[in-house]
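What the coordinates show
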Amino acid sequence: AHRGGGTLAPENTLGAIRLGAQLGFKGVEIDVMLAGDGTPVLMHDQTLKRTTRTHGEVAHTPYAHLAQLDAGAWRGARWRGERIPRFEDAARLCRELGLWANVEVKPAHGYERRTGEAVARMALELWNGADLPPVLSSFSSVALAAARQAAPQLPRGLLVGRLPPHWREMLRDLECVALHCNHRVLKPRVVEEARAAGCAVLAWTVNDARAARKLLGWGVDCVVTDRLDRVAPDLA
């Protein structure tokens, strides 16, 4: 379930994660960024405008202020009062609900290494003893390398929008267990090559049931969707 609840709930909130679980999804994708005081929080954008209708940058705003903002009202009255959660709170909820987590390290510009290290260290602590640890992914190779250094025992996913020519070398060098790829650029041979190399394949963001079935038929291991009402968790 993309960002917790896809298009059915305010993204990256505890309410979204609960909704995804209620609908039968066994895993969620969440974005983690650092607040101005270094607190890891669930947030996709570097600015607050889209999801809280306020001004400011997440990286320059302490969590004490972020915690007061309404991150749910933009999705309707039902969600009014949803807050920007700390990564810590989201991780505990995922474990409580038995959800696997795809944790996307989402650094603000200039905070790549710091964010990768902080998120990895916290994830290692929060999922200590868990049967199914989270997978850390990121578009930033710097953040992913920092996560590997901080918590080498946590699995990592190489996140790409377009498939770079050297994707195989990137998987190897960053010691990733999975390729997380835009489903529009995936091909059967890429899935086959990745799996032959011992890596899983995750496809994002798949909002059509027919496309999801096709990808699963190719051997894709995980499909991420915004349309929790169209791409059902039992589709496979």
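The structure under discussion appears in the preceding block.
Since the structure is predicted, the reported quantities are computational estimates derived from the model, not experimental observations.

A closer look at the environment of G161
Structurally, the position occupied by G161 is in the loop between β5 (156–160) and α7 (167–173). Here G161 falls in the partly exposed class, since its relative accessible area comes to 25%. When the C-alpha positions of G161 and G219 are compared, they lie 19 Å apart, and in sequence the two are 58 residues distant.

Considering the environment of V185
For V185, the position within the fold is in the loop between β6 (178–182) and α8 (188–196). With a relative accessible area of 27%, V185 lands in the partly exposed category. When the C-alpha positions of V185 and R162 are compared, they lie 6.5 Å apart, and in sequence the two are 23 residues distant. Here V185 is in contact with G161, R162 and L163, once residues within four sequence places are set aside.

Quick word on empty space enclosed by the protein
In this approach, a probe sized like a water molecule rolls over the atoms, and the result shows the empty space that is left. If you walk through the whole model with that rule in mind, you get one cavity of 30 Å³ or more. Roughly 60 Å³ of volume is contained in the largest cavity. In this structure, the largest cavity is lined by E11, N12, T13, L42, M43, T51, A71, W74 and I84. In the lining of the largest cavity, the residues fall into five nonpolar, three polar and one charged.

Calculation notes
Residues numbered from 1 in each chain as written. Predicted model: local features only at pLDDT ≥ 70, side-chain atom pairs only at ≥ 80, totals over all residues. Heavy atoms only, no water. Helix = DSSP H or I, 4+ residues; strand = E, 2+ residues; numbered from the N terminus. Buried < 20%, exposed > 50% of the residue type's maximum accessible area, 1.4 Å probe, protein only. Contact = heavy atoms within 4.5 Å. 1 Å grid on protein atoms, 1.4 Å probe; cavity = no way out; pocket = protein on both sides within 12 Å on 5 of 7 lines; lining within 4 Å. Points joined across faces, edges and corners; volume = space filled by probe spheres on them. Nonpolar A, V, L, I, M, F, W, Y, C, P; charged D, E, K, R; others polar.

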